[in-house]
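The chain contents come next:
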Amino acid sequence: MILLSQEEVHELLDLDALIDALAEAHRELSAGKASMPPRIAAFAERNGLLGAMPAYLPSAGLACKLVTLFPENRDRHTHQALICIFDPTNGTPVALMDGTHITATRTAAGSALATRLLARVDVRVLAILGAGVQARTHADALRRVRRFAEIRVASRTPERATELAEEIGGVAVESWEEAVRGADVVAATTHAAEPIVRREWLQPGVHVNSVGANPEGSGEVDAAIVRDALVAVEFRDSTLAPPPAGAAEFRDAAPADVVELGELVAGTRSGRTSPEQITLYKSVGVAVQDAAAAALVLAQARRRSIGREIELEEP
């Protein structure tokens, strides 16, 4: 079995390749070719949880991610994870790798895929809400699918917004509203318990990505956006399930015409129908994304002979 550290995973995972791999993964998921049971979670101290996310995907194989979410962490990531890959023909573990970098990167890659599928091609202004790991990865990923003349960053901690804005060549603003008004693409990446994206702030034609999750709250986007927008999700069974598996925004009600990314990729469902239409991608993170990312990492590790090999059983 190959062991891969976070540094090695970071070196091996190509973001552009991942966006394309997620397109194929979601096509397979929506076509019923993947096996992905609902994730489960055990709750721990300090509002923390441990989730288990297994999946089989024809294009990526058999994998399982164990991921913790401890939102009060300040000295380390709020999300930490391990991913194990198994031989799909006999069940033998073949790789164990850091999943923390994969979790952050595949989440942003999912938003990039949604933006590629749903955002107008003439976008100019990107609003990033939050200044943590997800905010950084989203800034990188979204600029790979659209060109932005202006990037605004807002955070509850102004110093962090300023730091991130300087890092990515953007501008820090003082409020969520200031960031969102006039933006063409919005990336909400927070642990907010109450909406930080409101319908009255959105201009016609905006595309919103929301990846934040707080099972105790009502979600990052308000109910009016869910009502008025074309809503896209990774997988209806996952996103529309009750929290913590599903999105808090859909706790009370979900739109009737929710589309899946895989349906948009395959062309079996329509995406944006007009320049003025508001679109929303609500992500909860699904295991096929982890499996697709881990498969890319493992393939590169084998090709470049990176990683440490260990024997779990005596020969």
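All of these numbers come straight from a predicted model, not from anything done at the bench.

### Examining the overall build of the protein
When helices and strands are counted, the protein shows 10 helices and 15 strands. Projected onto its principal axes, the C-alpha positions of the protein cover 65 × 45 × 40 Å. Classification of the 315 residues of the protein by burial places 54% in the buried group. In the form shown here, the protein has an accessible surface area of approximately 14200 Å², with 49% of it arising from carbon and sulfur atoms. Placing the 32 positive and 43 negative side-chain charges of the protein at their respective mean positions leaves the two points 4 Å apart.

### Here's the deal with the sheet that holds strand β8 (residues 150-154)
Taken in spatial order, the eight strands line up as β9-β8-β7-β10-β11-β14-β12-β13 in an open sheet, and their pairing is parallel. Strand pairing shows two members of the sheet lacking a second neighbour, β9 (171-172) and β13 (259-260), which therefore form its edges. In terms of strand pairing, strand β11 (residues 207-210) meets strand β14 (residues 279-282) through four bridges, oriented parallel. Residue pairing for β14: Val-208 is matched across the bridge by Leu-280.

### Details of the pairing of β14
Of the two faces of β14, the one holding Thr-279 and Tyr-281 and the one holding Leu-280 and Lys-282 are both buried throughout. Bridge count between strand β12 (residues 230-233) and β14: four bridges; the pairing is parallel. When the sheet's bridge partners are listed, Val-233 is paired in β14 with Lys-282.

### Here's the deal with the nonpolar core
Counting residues in hydrophobic clusters, the biggest one holds 70 residues, and the most contacted among them are Leu-4, Met-36, Ile-85, Met-97, Ile-102, Val-288 and Val-297. Those residues in contact with Met-97 that lie beyond four places of it in its chain are Leu-4, Val-9, Leu-82, Ile-83, Ile-85, Ile-102, Ala-294, Val-297 and Leu-298. In this structure, Ile-196, Val-233, Ile-278 and Val-284 belong to the second largest nonpolar core, which totals 30 residues.

### Thoughts on the side chain of His-26
Secondary-structure assignment places His-26 in helix α2 (residues 15-30). Not counting residues within four places of it along the chain, the set of residues in contact with His-26 comprises Leu-113, Glu-234, Leu-261, Gly-262, Val-286 and Gln-289.

### Regarding the packing of helix α3 (residues 100-118) against helix α4 (residues 133-142)
The geometry of α3 relative to α4 is characterised by a closest axis approach of 8 Å and an angle of 45° between their N-to-C directions. What the angle tells us is that α3 and α4 run oblique. Every pair of crossing elements has a handedness; the one defined by α3 and α4 is right-handed. Packed against α3, whose contacting residues are Thr-103, Ala-104, Thr-107, Ala-108, Ala-109, Ser-111, Ala-112 and Thr-115, the element α4 presents Val-133, Gln-134, Thr-137, His-138, Ala-141 and Leu-142 at the interface. Class assignment of the residues belonging to the contact of α3 with α4 gives a composition of seven nonpolar, seven polar and no charged.

### Here we look at the pairing of strand β10 (residues 185-188)
In β10, alternate side chains face the same way, and those of Val-185 and Ala-187 on one face and Val-186 and Ala-188 on the other are all buried. When strand β7 (residues 125-129) meets β10, the two strands line up parallel, connected through four bridges. Bridge assignment links Ala-127 to a residue of β10, and that residue is Val-186. Pairing between β10 and β11: four bridges, direction parallel. Note that in β11 the partner of Val-186 across the bridge is Val-208.

### Topic: the pattern of salt bridges
If you walk through the whole model with that rule in mind, you get 20 salt bridges. Note that Glu-11 is salt-bridged to Arg-304, the shortest N-O span being 2.5 Å. One end of the pair, Glu-11, is in helix α1 (residues 6-12); the other, Arg-304, is in helix α10 (residues 287-304), and 293 residues separate them in sequence. A cluster of three or more residues bridged by salt bridges with shared partners is formed by Arg-236, Glu-260, Glu-263 and Arg-269.

### Some details on the sheet that holds strand β2 (residues 40-43)
Here we have seven strands laid out as an open sheet, ordered β2-β3-β4-β5-β6-β1-β15, and mixed in their pairing. Each edge of the open sheet is held by one strand with a lone partner, namely β2 and β15 (308-309). Pairing of strand β3 (residues 49-57) with strand β4 (residues 61-69) involves nine bridges; the strand directions are antiparallel. For Gly-51, the partnering residue across the bridge sits in β4 and is Val-67. Of the strands in this sheet, β1 (2-4), β3, β4, β5 (79-86) and β6 (93-98) touch α10, which is tilted by about 70° from β3.

Cut-off values and rules
Per chain, residue numbering runs from 1 following the sequence as it is written. In keeping with the predicted nature of the model, local features appear solely for residues at pLDDT of at least 70, side-chain atom pairs appear and are counted solely at 80 or more, and the whole-chain, interface and lining totals rest on all residues. To get the side-chain values, all heavy atoms of the structure are used, and hydrogens and water are removed first. Put simply, DSSP marks the helices as runs of H or I at least four residues long and the strands as runs of E at least two long, and each gets a number from the N terminus on. Exposure categories follow from relative accessible area, calculated using a 1.4 Å probe and restricted to protein chains: below 20% of the type maximum is buried, above 50% is exposed, and the middle band is partly exposed. Surface accessibility follows the Shrake-Rupley procedure with a 1.4 Å probe radius. Residue values consider only the protein chains on display as shielding. Charged residues are defined narrowly, with Lys and Arg counted positive, Asp and Glu counted negative, and His plus the chain ends left uncounted. Where a charge sits is defined by one atom per residue type, namely NZ (Lys), CZ (Arg), CG (Asp) or CD (Glu). Two strands are said to pair when DSSP picks up at least two bridges between them. Throughout this description, the term nonpolar core refers to a set of buried Ala, Val, Leu, Ile, Met, Phe, Trp, Tyr and Cys residues connected via side-chain atoms within 4.5 Å. We call two residues contacting when some pair of their heavy atoms lies within 4.5 Å. Where helices are involved, their axes are fitted lines through C-alpha atoms of the stretch in contact, as for all axes, and angles between N-to-C directions lie from 0 to 180°. Orientation is classified from the angle alone, with under 35 degrees giving roughly parallel, over 145 giving roughly antiparallel, 65 to 115 giving roughly perpendicular, and any other angle giving oblique. Whether a crossing is left-handed or right-handed is set by the direction in which the near helix is turned from the far one by less than a right angle, anticlockwise for left-handed and clockwise for right-handed. Basically, the charged four are Asp, Glu, Lys and Arg, the nonpolar ten are Ala, Val, Leu, Ile, Met, Phe, Trp, Tyr, Cys and Pro, and anything else, Gly included, counts as polar. Whenever a carboxyl oxygen of Asp or Glu lies within 4 Å of a side-chain nitrogen of Lys or Arg, that contact is scored as a salt bridge.

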